[in-house]
Structures are given as C-alpha cells and as structure tokens.
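# Inside the fold
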Amino acid sequence: MTALRRLWTRDSAPQALSACTALDIGTEFAKALVFEIGDDGYGTVRGVGRKRQGLSHMQSGTVADIAAVVDNCAVALQEAEEMAGFRPEQVVIGIAGELVKGFTTVHDQERARPDVQITEQELGKLIEAVQRQAMREAERSVTWETGLQSVDVRLVHAAVVGAWIDGYAVTNPIGFQGRNVRIAIFDAFAPLVHLGALQTVAAKLGMDLIAIVAEPYAVARVLDSEQVRQGGALFIDVGGGTTDVALVRQGGIEGTRMFALGGRAFTKSIADRLDLPFPRAESLKVDYARGIAGDRQAAVHEIVADDVAVWAAGVELVLEELASGDLLPGRIYLCGGGSRLAAVAEALRADGFAKRLPFARPPEVAILAPEQIETIRDETLLLEDQQDVTPMGLAYQAIELGSSANPLDASLRRVVRAMRL
Ligand SMILES: Nc1ncnc2c1ncn2[C@@H]1O[C@H](COP(=O)(O)OP(=O)(O)OP(=O)(O)O)[C@@H](O)[C@H]1O
Ligand SMILES: [Mg+2]
C-alpha cells in the first residue's frame, strides 16, 4: 500500500494537529513554513525558509531531480525549523504542473422514491458514481495530452464542494427526503510519476506526509471570504515555471488549469536576447520590476512586454476553456513571484483582454498580499508579498483537512478508500 493511499484510507478526518510544515516545491524556490494550529482553527507561522532551485532541478512545476530537490528542501526546512524553534513531523506538500488535472464534477440523481430518507449507503453510491465519472475524465484528458495510451493517473486530492436536495443546499444529505440530489466534488488527478516523486522527497526528508494538495486549489481557498463565495473569483498564481489558474464560481471551486509559462521564461528571453548569463538576466529583470533604472532598461521593457503578451494569450486560452460558455467572475486575484512584474497585472486590465472573454464587465485585478489572508497569521513578519501566498494556502489546507468535521467529507474518504483510486 503506497503512502498516498494511506492518506485516503484514514477512516475519519486526520487527527487534529497542533503544528505542521507546509512545503511548496516550486520551480524557482523551495519554500517551507512551520506553523502552529490554534484551537480557533487559525494558523500561526513561526518559521519561514526558502532555497532557490537549480535550473535543472524542476521541469515546469514538477520534480526533475529528486536528490537535488531533497537537498534544497532540507535547507529551506532547516531554516524554518530553526526560526520556529521546533520541528513538526507532519508535512503538507503542494503539487502543480501541466498534467495535474483539477475539476469539479457535478452529478444529479433523480430518486425513484422521493419520500424515502437518504441513507449513508445511498450517499456512498452517489459519491462513487461521481468519482468514477471524474476518473474517466482525468484519464481521457491526460491520455489525449500526452499521446500515451496508458498513463497511470492517480487521485491526489478530493473535496466536497457542495450538496443540494431539490435545489436546497445541505451540508449533509443523510436523513433528507426529496427527488433530486445534486452533489459536486472537486478532484485533482496527477500522473503517478509526479506523485511518487513528491512522496519520495517527503520520505527522504524523514517527514510524515499527511496530504498532497493541488496548489491552485489551496490558493483559491485561502481567502475564505464572503465576497469570493458570493461573487466568485479567478486566482492566478504566476510562478517561475508555471501559471496556475483556479476558477471559483457559484460558491465553489469549479476547475483549475495550469500552463508551463512563468517568470523564468521572461528571464530566459532577456538572457537570450541580450546574450547574458541567466543570473545576470534575472537581476536585470528584478531591478526593472522594482523600478530601479539600469543601463538596459528600454531593452528589458520591450522584451518583458513581448513575453507578457504571450503569457496573457495563454491565460486567455485557459480562461476560455474554464468558462465553458458561461460568464466569468469579475475579480482576478494574482499571486506568485512572476506577478511582481507590473506588466502582468496590466495585461489583465487591458481592454482587449476582457473583451475577448465572457466577462460581464472588465474584471478588477488585485494582487494578493499575505496580510489579506486571515486564516494564517504571520508571527515572523517575513512573509511580505504575493510570492508567499501559495505556501500559506498549503498551510491552510493542512488546517482545513484536519478540522473537517463534515460528514460528507468523511463519506467521500470512505468511498475513495473502497474504490482504491
Ligand atoms: N521582484 C521581482 N520582480 C520580478 N520577478 C520576480 C521578482 N521576484 C521574484 N520574481 C520572479 O518570480 C518567479 C518565482 O516565483 P515563485 O517563487 O512564485 O515561483 P515558484 O513557486 O518557485 O515556481 P512554480 O510555481 O512555477 O513552480 C521567478 O521567475 C522570479 O524571477
Ligand atoms: Mg509556485
């Protein structure tokens, strides 16, 4: 039995933790947060660590060199643990990359006998039907994208988005009568090779991996605000190697998409076009983003503009697909180090961008800052900008997973265990 399967075979919700580590293994940086979990369900960050990864260590969001990544993570972890003054055993790791498929499946069931109360067994059958449908969809899309017939795709992460009986939202359908039951479940699937690599990293670090979480899901949950629930939102995490997009609509997360373009591509263009070594190009870019005028500012400006246009076209494609014919929410939250370039937000604010997509009005574009995140407090004062939002999201997932007393989530866990997905 693999470690991952063990995650899902825990009968009830995982035991409440008092402290945990969140590890975001990004293309550009390995980031670690050590945090405590209070009884109030909030997290408090006590230690922060970061280590830059080498150019060959990751491949667009996925691990390419296990040994090197373990070394980088160990450095980031040690820094965070020393700052915190303690070392949690448990870790939550984020997963990203183009082949991670996250989507919500909505399933409607007409009941033959509406007067009979819904039982645990009936609910289990319903969840199973949803999960089978989701698995088929994930396999189909990975097969189509890789061109390989038999990619081993595994369930990484599953969460109930909502349940309704005859149109009324319920938190637990058991015991209700009614004709139409609707249930929505978010699932993230990933090829076994990626998952396995993360499990190996955790094992080599000597940590107990309590969950692997789809990063865009974590980012989309972290605000936990009424505004997002009511009006929906788009979350865009522009990292070094990938851009992850999550759509929240009608109160729940509907889907996530990722494409392999991020800040590193911008740096690479500067390096290629100005014929500079990568580290020099990186510092030129960062200086430019900070408004520090360098000798080649005009050239950098032009190169960045060209690349951001390509990036925005990528976002457009992804949003069109996610929208699937319906209106997109009027709010976009940006995070990730790549979004520190002002041109990134500007591209999304441009008239043409909104016009080509099903927005009811031009979207408001905001940068997510750590202080907006109420679920996780930062005692270290070292979490300073949008680059730190993803690990904070992972930390919040550790808390959500542990505190989920929702019987629907418990049923989902049982079904997933029985199905051996
Ligand atoms: N001040 C800055 N100005 C411009 N770009 C920056 C700045 N600071 C960081 N970046 C860019 O942000 C990127 C790294 O962001 P982040 O740490 O979010 O990525 P990651 O999580 O490691 O990667 P991924 O999520 O793609 O796996 C790098 O490309 C870096 O050049
Ligand atoms: Mg990232």
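Read on for an overview of the structure. (Residues numbered from 1 in each chain as written. Chains lettered and ligands numbered in written order. Predicted model: local features only at pLDDT ≥ 70, side-chain atom pairs only at ≥ 80, totals over all residues. Heavy atoms only, no water.)

### What to know about helix 7 (residues 263-274)
Between its first and last C-alpha atoms helix 7 spans 17 Å; for twelve residues at 1.5 Å apiece the expected length is 16 Å, and the two agree. When helix 7 is considered as a whole, its buried residues turn out to be G263, R264, F266, T267, S269, I270, A271 and L274. Those residues of helix 7 that are buried lie in contact with strand 4 (58-59), helix 8 (278-290), helix 9 (297-323) and helix 10 (342-349). One or two residues past the end of helix 7 sits D275, with phi positive at roughly 55°. (Helix = DSSP H or I, 4+ residues; strand = E, 2+ residues; numbered from the N terminus. Expected span 1.5 Å × (residues − 1). Buried < 20%, exposed > 50% of the residue type's maximum accessible area, 1.4 Å probe, protein only. Contact = heavy atoms within 4.5 Å.)

### What about the packing of helix 7 against helix 9?
Helix 9 packs onto helix 7 with a crossing angle of 135° between their chain directions and a minimal axis gap of 9 Å. Relative to helix 9, the element helix 7 lies oblique. Two packed elements cross with a definite hand, and for helix 7 against helix 9 that hand is right-handed. Packed against helix 7, whose contacting residues are A265, F266, S269, I270, R273 and L274, the element helix 9 presents A299, V300, E302, I303, V304, D306, D307, V308 and W311 at the interface. For the contact of helix 7 with helix 9, the class distribution of residues is ten nonpolar, one polar and four charged. (Axes fitted to C-alpha atoms, helices over the stretch in contact; angles between N-to-C directions. Parallel < 35°, antiparallel > 145°, perpendicular 65-115°, else oblique. Left-handed = near helix turned anticlockwise from the far one by under 90°. Nonpolar A, V, L, I, M, F, W, Y, C, P; charged D, E, K, R; others polar.)

### A look at the sheet that holds strand 13 (residues 243-249)
Across the sheet, nine strands lie side by side as 9-8-10-7-14-13-12-15-16; this open sheet has mixed pairing. The open sheet has two free edges, formed respectively by strand 9 (168-170) and strand 16 (364-367), since each of these has just one partner strand. Adjacent strand axes in the sheet meet at a mean angle of 25° when their direction is disregarded. In this structure, strand 7 (residues 101-110) lies alongside strand 14 (residues 252-259), joined through two bridges in antiparallel fashion. The partner of F103 across the bridge, within strand 14, is G255. Where helix 4 (residues 192-204) meets the sheet, its contacts fall on strand 8 (153-165) and strand 10 (180-191), and the angle it forms with strand 10 comes to roughly 70°. The strands touched by helix 13 (residues 407-419) within the sheet are strand 8 and strand 10, with strand 8 carrying the most contacts at an inclination of about 140°. (Pairing = 2+ DSSP bridges.)

### Some details on the site of ligand 1
T27, E28, E282, K285 and R340 are the nearest of the 21 residues found near ligand 1. The contact in question runs from an oxygen atom of ligand 1 to an N or O atom on the side chain of K31, over 2.9 Å. Here an oxygen atom of ligand 1 sits 2.8 Å away from a polar atom, N or O, in the main chain of T242. When contributions to the shell around ligand 1 are tallied by element, the ones reaching two or more residues are strand 2 (29-37), helix 7 and helix 8. Broken down by element, the residue count for the shell around ligand 1 peaks at four residues, all from helix 8. Of the residues that constitute the shell around ligand 1, the class distribution is three nonpolar, twelve polar and six charged. (Near = heavy atom within 4 Å. Polar contact = N/O pair within 3.5 Å; in protein donor to acceptor, adjacent residues only side chain to side chain.)

### Digging into the packing of aromatic side chains
Applying the stated criterion across every chain yields a total of three aromatic pairs. Between F103 and F189, the ring centres sit 6.0 Å apart and the planes meet at 25°, which makes this aromatic pair stacked. Placement of the pair is F103 in strand 7 and F189 in strand 10, with a sequence separation of 86 residues. Given a relative accessible area of 15%, F103 falls into the buried group. For the pair F186 and Y217, a centre-to-centre distance of 4.7 Å together with 25° between the ring planes defines the contact as stacked. With F186 in strand 10 and Y217 in helix 5 (residues 215-222), this pair connects stretches of sequence that are 31 residues apart. When sorted by exposure, F186 lands in the same class as Y217, which is buried. (Phe/Tyr/Trp six-rings, centres within 6.5 Å; stacked < 30°, edge-to-face > 60°.)

### Observations concerning unusual backbone geometry
In this structure, D166 is a non-glycine residue whose phi angle is positive, near 45°. One can find D166 in the loop between strand 8 and strand 9. With phi around 50°, D224 is a residue other than glycine that occupies positive phi space. Along the chain, D224 turns up in the loop between helix 5 and helix 6 (226-231). Taking relative accessible area as the criterion, D224 reaches 34% and is therefore assigned partly exposed.

### A few points about the pattern of salt bridges
According to the stated counting rule, one finds 26 salt bridges in the structure shown. Where K268 meets D272, a salt bridge forms, and the shortest distance between an N and an O atom there is 3.2 Å. Taken as a pair, K268 and D272 lie in helix 7 at a separation of four residues, close to a single helical turn. In this structure K268 comes out as partly exposed when scored by relative accessible area, which is 45%. Salt bridges linked by common partners bring E28, R52, R264, E282 and K285 together as one network. (Salt bridge = Lys/Arg side-chain N within 4 Å of Asp/Glu carboxyl O.)

### Focus on the nonpolar core
Formed by 71 residues in total, the largest nonpolar core has its most connected members in L23, I25, F35 and F235. Filtering out sequence-adjacent residues up to four positions away, F35 remains in contact with S18, A19, C20, T21, A22, T44, V45, R46, A395, A398 and I399. With 39 residues, the next largest nonpolar core counts I236, L274, V318 and A354 among its residues. (Core = buried A, V, L, I, M, F, W, Y, C linked by side-chain atoms within 4.5 Å.)

### Let's talk about helix 9
The terminal C-alpha atoms of helix 9 lie 37 Å apart, and with 27 residues this matches the ideal 39 Å at 1.5 Å per residue to within 8%. In the segment just after helix 9, S324 is the residue with positive phi, at about 35°.

### Thoughts on the sheet that holds strand 6 (residues 90-95)
In spatial order, the strands read 11-6-1-2-3-17; together these six strands make up an open sheet with mixed pairing. On the outer flanks of this sheet lie strand 11 (208-214) and strand 17 (376-378), each paired with one strand and no other. In this sheet, neighbouring strand axes are inclined to one another by 30° on average, regardless of whether the strands run parallel or antiparallel. The pairing of strand 3 (residues 43-52) with strand 17 spans three bridges and is parallel. Residue T44 lies in a different strand from strand 17, and its bridge partner there is R377.

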